[in-house]
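A look at the structure
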Amino acid sequence: MYKEPGKTKFQIELRRHLRAQDIPDDLVHLICEIAEACKYVINAVRTGDLGVAGTSNLYGEEQLALDVLSDRIIKKRLIHSGVVCNMVSEEMDEIFHVSDERAGKYSVAYDPLDGSSLVDVNLAVGTIVSIYQGCDLMQEGSRQVAAMYILYGPRVSLVYTVGNGVHEFTMNHLNEFTLTRENVTMKPSGDIYSPGGQRNKYLPGVEKYVQHLEAKGAKLRYSGGFVPDINQVLMKGKGLFMYPMLNGSPNGKLRLLYELNPMAYIVEQAGGAASTGTCRILDIKPESLDQRAPVFIGCSEDVELAKEFLNAQ
Ligand code: AHG
Ligand code: MN
Ligand code: MN
């Protein structure tokens, strides 16, 4: 447990907590820069026009869709951070090169605004970030050096790992991220499940697995936003999120680089597991930027059981 003389754990700011980890100063700087950028993303989510890209606002200025605006905010911050080599986001068609390896020590893959279609109905959304050392973004997720997400809900929270546990921070009245939970851990098995995709497109094994979960009393809790849905499973410490393979979509919906790898790293760090049903998410070597994979992620025994049901089908 992080302790600083004269301070309770509720006053520990993100930067201080990061400095107490065994990581380079540049990585501390990068994570803090992303956290800063997200303060502008929150502002856009809270008050920005819910426009469609290409339309104009009251003043005749071009309006940006919130996901495009969020992408620009984070991209600009990363460019000016001074420690980034390459970056890529869900909104980009190709890798954006910033500087060579001597100057840019890290590369970042991110989803600037996950669940952007939920903003107009005022549901929770988030930003998801994956960080690698060096310039290579096409590496297995197990090689991430940090992962984090920021959840824009009734409160704003930030959850990160640098490979030494999972820690949650909440934004206070001064817009600072202060420590609220350190070393978040998941139980082996849970009683909530969060299932994406149309159920009538589930394969027989997935359908049987869901019936098994329901029979053992698991409750359905699904918001349609990956960040709040994962945050619920993680912070309650008991449950499973899935976006399985569907009839007609063998790779499900969620993207490996921007969504699955960072969440898998965080959930594994909390003692959970993340699998496609046949292999560990973090072991997949990406072949394309927009690669998708089915996912079962959460309590380790529940993920294991999903694999058994899929194998048996
Ligand atoms: P994005 O808004 O970045 O395209 O991703 C949305 C994702 C994710 O938030 C959620 O888990 C999933 O889409 C929900 O999909 P369904 O509407 O098919 O359930
Ligand atoms: Mn997304
Ligand atoms: Mn998105």
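Each value, and the rule that gives it
Residue indices follow the written sequence of each chain, beginning from 1 at its first position. Here the convention is simple: chains get letters from A, ligands get numbers from 1, in the order in which they are written. Given that the model is predicted, a residue must reach a pLDDT of at least 70 before its local features are reported, and side-chain atom pairs must reach 80 or more before they are shown or counted; all residues, however, enter totals for whole chains, interfaces and linings. Side-chain measures were taken over the full set of non-hydrogen atoms in the model, leaving aside hydrogen atoms and water. Under this scheme, a helix contributes an axis fitted over its contacting stretch, all axes are lines through C-alpha atoms, and angles between N-to-C directions fall in the 0 to 180 degree range. Each helix is a run of H or I in the DSSP string that is no shorter than four residues. Each strand is a run of E no shorter than two, and both are numbered from the N terminus. Between 65 and 115 degrees an angle is taken as roughly perpendicular, under 35 as roughly parallel, over 145 as roughly antiparallel, and anywhere else as oblique. Helix crossings fall into two classes, left-handed where the near helix is turned counterclockwise from the far one by less than a right angle and right-handed where it is turned clockwise. Should any heavy atoms of two residues lie within 4.5 Å, those residues are considered in contact. With water omitted from the atoms examined, metal sites may look incomplete; donors here are N, O and S atoms no farther than 2.8 Å from the metal, or 3.2 Å in the case of Na, K and Ca. Residue burial is assigned from relative accessible area. The probe radius is 1.4 Å, only protein chains are included, and a residue is buried under 20% of its type maximum, exposed over 50%, and partly exposed in between. Throughout, the protein atoms alone are placed on a 1 Å grid, and a set of points is a cavity if a 1.4 Å probe fits but cannot get out or a pocket if it is open with protein on both sides within 12 Å along at least five of seven lines; lining residues have an atom within 4 Å of a point. Grid points are joined across faces, edges and corners, and a volume is the space filled by probe spheres set on the points. Classification used: nonpolar for Ala, Val, Leu, Ile, Met, Phe, Trp, Tyr, Cys and Pro, charged for Asp, Glu, Lys and Arg, polar for all others including Gly. An automatic or database domain assignment provides the domain bounds reported here. By definition, two strands form a pair when at least two bridges between them are found by DSSP. When two parts are put together, the accessible area they lose, computed with a 1.4 Å probe and summed over both, is reported as buried area. One side-chain nitrogen of Lys or Arg within 4 Å of one carboxyl oxygen of Asp or Glu is enough to make a salt bridge.

In this section: the packing of helix α5 (residues 226–236) against helix α6 (residues 256–269). Contact geometry of α5 with α6 gives a least axis separation of 12 Å together with a crossing angle of 15°. Considering their axes alone, α5 and α6 lie roughly parallel with respect to each other. Considering the relative orientation of α5 and α6, their crossing is right-handed. Contact residues: α5 offers Phe-226, Val-227, Ile-230 and Leu-234, while α6 offers Glu-259, Leu-260, Met-263, Ile-266 and Val-267.

This paragraph deals with the coordination of the manganese ion (ligand 3). Donor atoms from the polypeptide that coordinate the manganese ion (ligand 3) comprise Glu-90 (OE), Asp-111 (OD) and Leu-113 (O), at 2.3 to 2.7 Å from the metal. Between the donor residues of the manganese ion (ligand 3), the gaps in sequence give the motif E-x20-D-x1-L. The exposure class assigned to Glu-90 is partly exposed, which follows from its relative accessible area of 22%.

One non-glycine residue, Asn-122, lies in positive phi territory at about 60°. Structurally, Asn-122 can be placed in the loop between β3 (106–114) and β4 (125–133). Take Asn-122: its relative accessible area is 70%, and that puts it in the exposed class.

Here we come to the layout of surface pockets. In this structure, the largest pocket encloses a volume near 330 Å³. Lining the largest pocket are 21 residues, and of these Asp-114, Gly-115, Gly-224, Lys-253 and Leu-254 sit closest to its centre. The set of elements that each furnish at least two residues to the lining of the largest pocket consists of β3, α5 and β11 (240–243). When residues in the lining of the largest pocket are grouped by element, the largest group, 3 residues, is from β3. Within the lining of the largest pocket, the residues separate by chemical class into 7 nonpolar, 5 polar and 9 charged. The two domains that each donate at least three residues to the lining of the largest pocket are domain 1 (9–181) and domain 2 (192–312). A volume near 180 Å³ is recorded for the second largest pocket. Lining the second largest pocket, in full, are Ala-124, Leu-151, Gly-153, Pro-154, Arg-155, Val-156, Ser-157, Glu-168, Thr-170, Arg-181, Asn-231 and Met-235. Looking at the lining of the second largest pocket, the elements that each hand over two or more residues are β6 (156–161), β7 (167–171) and α5. By residue class, the composition of the lining of the second largest pocket is 5 nonpolar, 4 polar and 3 charged.

The two faces of the sheet receive side chains in turn, since in a regular strand these alternate between them. In terms of burial, strand β5 (residues 146–152) is a largely internal element, 7 of the 7 residues being buried. Examined bridge by bridge, β4 and β5 share 7 bridges and lie antiparallel to one another. Bridge pairing in β5 places Ser-130 opposite Ala-147. Looking at chain direction, β5 and β6 are connected through 6 bridges and run antiparallel. When the sheet's bridge partners are listed, Tyr-149 is paired in β6 with Val-159.

Once that is clear, we can look at the domain arrangement of the protein chain. If you check the domain split of the protein chain, you get domain 1 (9–181) and domain 2 (192–312). A C-alpha centroid distance of 23 Å is found between domain 1 and domain 2. Contacts between the two partners involve 42 residues from domain 1 and, on the opposite side, 29 residues from domain 2. A combined buried area of about 2,700 Å² lies between domain 1 and domain 2, and 66% of that area is made up of carbon and sulfur atoms. Sorting the residues of domain 1 by area buried against domain 2 places Ile-128, Met-138 and Tyr-149 first, and these three jointly supply 23% of that buried surface. Linking domain 1 with domain 2 are 1 salt bridge, by the criterion used here. The closest approach of N and O atoms between Glu-90 and Arg-255, which form a salt bridge, is 3.4 Å.

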